[in-house]
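Residue-level structure breakdown
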Amino acid sequence: MKPSKIYYEPDVLTYQLGRELQEKYKDLPWVPIESHNNIQELRTKENKEFKELKTLLILGTRKTHKYSPNFKVSDYLVPFTSSGCTAMCLYCYLVCNYNKCSYLRVFVNREEMMNKLIRFSEKSEKENVFEIGSNSDLLLENTVTGNLPWILEEFLKAKKGKLTFPTKFSMVEPMLNINHQGRIIFRMSVNPPFIINNVEIGTASLANRIEALNKVAEADYPVGILIAPVIFTEGWKALYTELLDILAEKLSPRVKKTMFIEIIFMTYSFIHRSINNEAFPEALELYDKELMKGRGMGKYCYRPELREEGERFLLEEIDKRFGKDKILYFS
Ligand code: SF4
């Protein structure tokens, strides 16, 4: 999707990617800013302007490069070439960090980030897996920057280490011909069609995600699916049964044989509620006071009894179709 306007730190034009984007989007308005973290005229917009904010593209350089230890598929979460996204999932956790400014920001100092990551990876004693998609969606970002093949190919020059990222999009073609050496773990996020259509606004359909996942597995990448986030909306058992039936029917034998499954229950927040109620007044209400409890800092999660019921249900239904050993964790 073409952005409507670009806000940029002038320094980005000293980077190759910054100059390429300047050429690519030369017909758009470009507004200089001091820092991508504090764009006063955008911070003061109303919540109801969230959709328009999501059409903007912000260009800057990433100054902090702190890796956080992680204990799921990856060993470290690595902030990388972008944050935010043009889609508008009503639960997007980036809204907790960036509020209505969770638009797509691209950081053009990719060489610096890559060099640091490779040094870190090669220096480590063990073979680490680095999660580079926890702050954005790399397939979506790639439609703007073309970064994805560059990232994979550059990282694969490191003597050691693996990358992983999840996505809700389907534009996988740029990664299909890369000699990935089994060192890139691709994870597709899935949800029932009703939830994708009503909650994951602006993302790919389930059918397109499945087709993309099949292609990536066919190119011999290690793959996983994330059933995430599980949302206990009305009729959830029927919705998730439908999802698992579709997956059982449409995933290729290769995906079914090799995949792992992560399951994450939705968390929600006061900030989501206020933005969604004003920007998407017609949308499905995700907050349910009967089913949720506060967990501090204005966040909500599902009550333990409901979560346990959800875990039992999904475990049983996944076991019937794929075998419960496929499940890596519930979170
Ligand atoms: Fe947020 Fe991911 Fe949805 Fe984009 S695709 S809005 S990053 S949850």
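Whatever comes next refers back to the structure up there.
Here is a short report on the structure shown in this document. Please read these numbers as outputs of a predicted model, since none were measured by experiment.

Conventions and cut-offs
- Throughout, residues of each chain are indexed from 1 in the direction in which the sequence is written.
- Confidence filtering applies because this is a predicted model: local features only for residues at pLDDT of at least 70, side-chain atom pairs given and counted only at 80 or more, and all residues used for totals across whole chains, interfaces and linings.
- Side-chain measures here rest on the full set of heavy atoms in the structure, leaving out hydrogens and waters.
- A run of DSSP states H or I qualifies as a helix once it reaches four residues; a run of E qualifies as a strand once it reaches two. Both are numbered from the N-terminal end.
- Burial classes: relative accessible area under 20% of the type maximum marks a residue as buried, over 50% as exposed, and values in between as partly exposed (1.4 Å probe, protein chains only).
- Pairs of N or O atoms within 3.5 Å make up the polar contacts considered here, provided that, within protein, one atom can donate a hydrogen while the other can accept it, and that residues adjacent in sequence are counted only when both atoms are side-chain atoms.
- Every residue pair with non-hydrogen atoms within 4.5 Å of one another is taken to be in contact.
- By nonpolar core we mean a set of buried residues, namely Ala, Val, Leu, Ile, Met, Phe, Trp, Tyr and Cys, connected to one another through side-chain atoms within 4.5 Å.
- For each residue, the test is whether any non-hydrogen atom lies within 4 Å of the molecule or strand; if one does, the residue is near.
- All residues other than Ala, Val, Leu, Ile, Met, Phe, Trp, Tyr, Cys, Pro, Asp, Glu, Lys and Arg, Gly among them, are scored as polar; the first ten of these are nonpolar and the last four charged.
- One bridge is not enough; two strands pair if DSSP finds at least two bridges between them.
- Angles run from 0 to 180 degrees between N-to-C directions of axes, and those axes are lines fitted to C-alpha atoms, restricted for helices to the stretch in contact.

A look at the side chain of Asn-70
Turning to its location among the elements, Asn-70 is positioned in the loop between strand E4 (68-69) and strand E5 (76-77). Asn-70 sits in the buried class, given a relative accessible area of 17%. Within the structure, Asn-70 has its side chain in polar contact with the side chain of Ser-74 (distance 2.8 Å). Beyond its immediate sequence surroundings of up to four residues, Asn-70 is in contact with Asp-75, Tyr-76 and Leu-77.

Some details on the nonpolar core
Counting residues in hydrophobic clusters, the biggest one holds 97 residues, and the most contacted among them are Leu-152, Phe-165, Met-175, Phe-186, Ile-227 and Tyr-240. If we skip the residues at most four places from it in the chain, Leu-152 touches Leu-163, Phe-165, Met-175, Ile-178, Ile-184 and Tyr-221. Ranked by size, the runner-up nonpolar core spans 10 residues in total, among them Val-31, Ile-39, Leu-42 and Leu-53.

Observations regarding the site of the ligand
The environment of the ligand is formed by Cys-85, Ala-87, Cys-89, Cys-92, Leu-94 and Lys-168. Of the residues that constitute the shell around the ligand, the class distribution is 5 nonpolar, no polar and 1 charged.

Remarks on the sheet that holds strand E2 (residues 30-32)
Spatial ordering of the open sheet is given by E2-E1-E3-E8-E6, a layout of 5 strands whose pairing is mixed. Edge positions in the sheet fall to E2 and strand E6 (82-83), since each of these pairs with one other strand and no more. Bridge count between strand E3 (residues 56-60) and strand E8 (residues 104-107): 4 bridges; the pairing is parallel. Paired with Gly-60 across the two strands is Phe-107, which belongs to E8. Helix H1 (residues 16-24) contacts E2, E3 and E8 of the sheet and is inclined by roughly 140° relative to E2.

What to know about helix H6 (residues 138-145)
For H6, the tally of buried residues reaches 7 of 8 residues, placing the bulk of the element in the interior. Structurally, the start of H6 carries an N-cap: the backbone nitrogen of Leu-139 is 3.2 Å from a side-chain oxygen of Asp-137. Among the residues trailing H6, Gly-146 stands out with phi positive, at a value near 70°.

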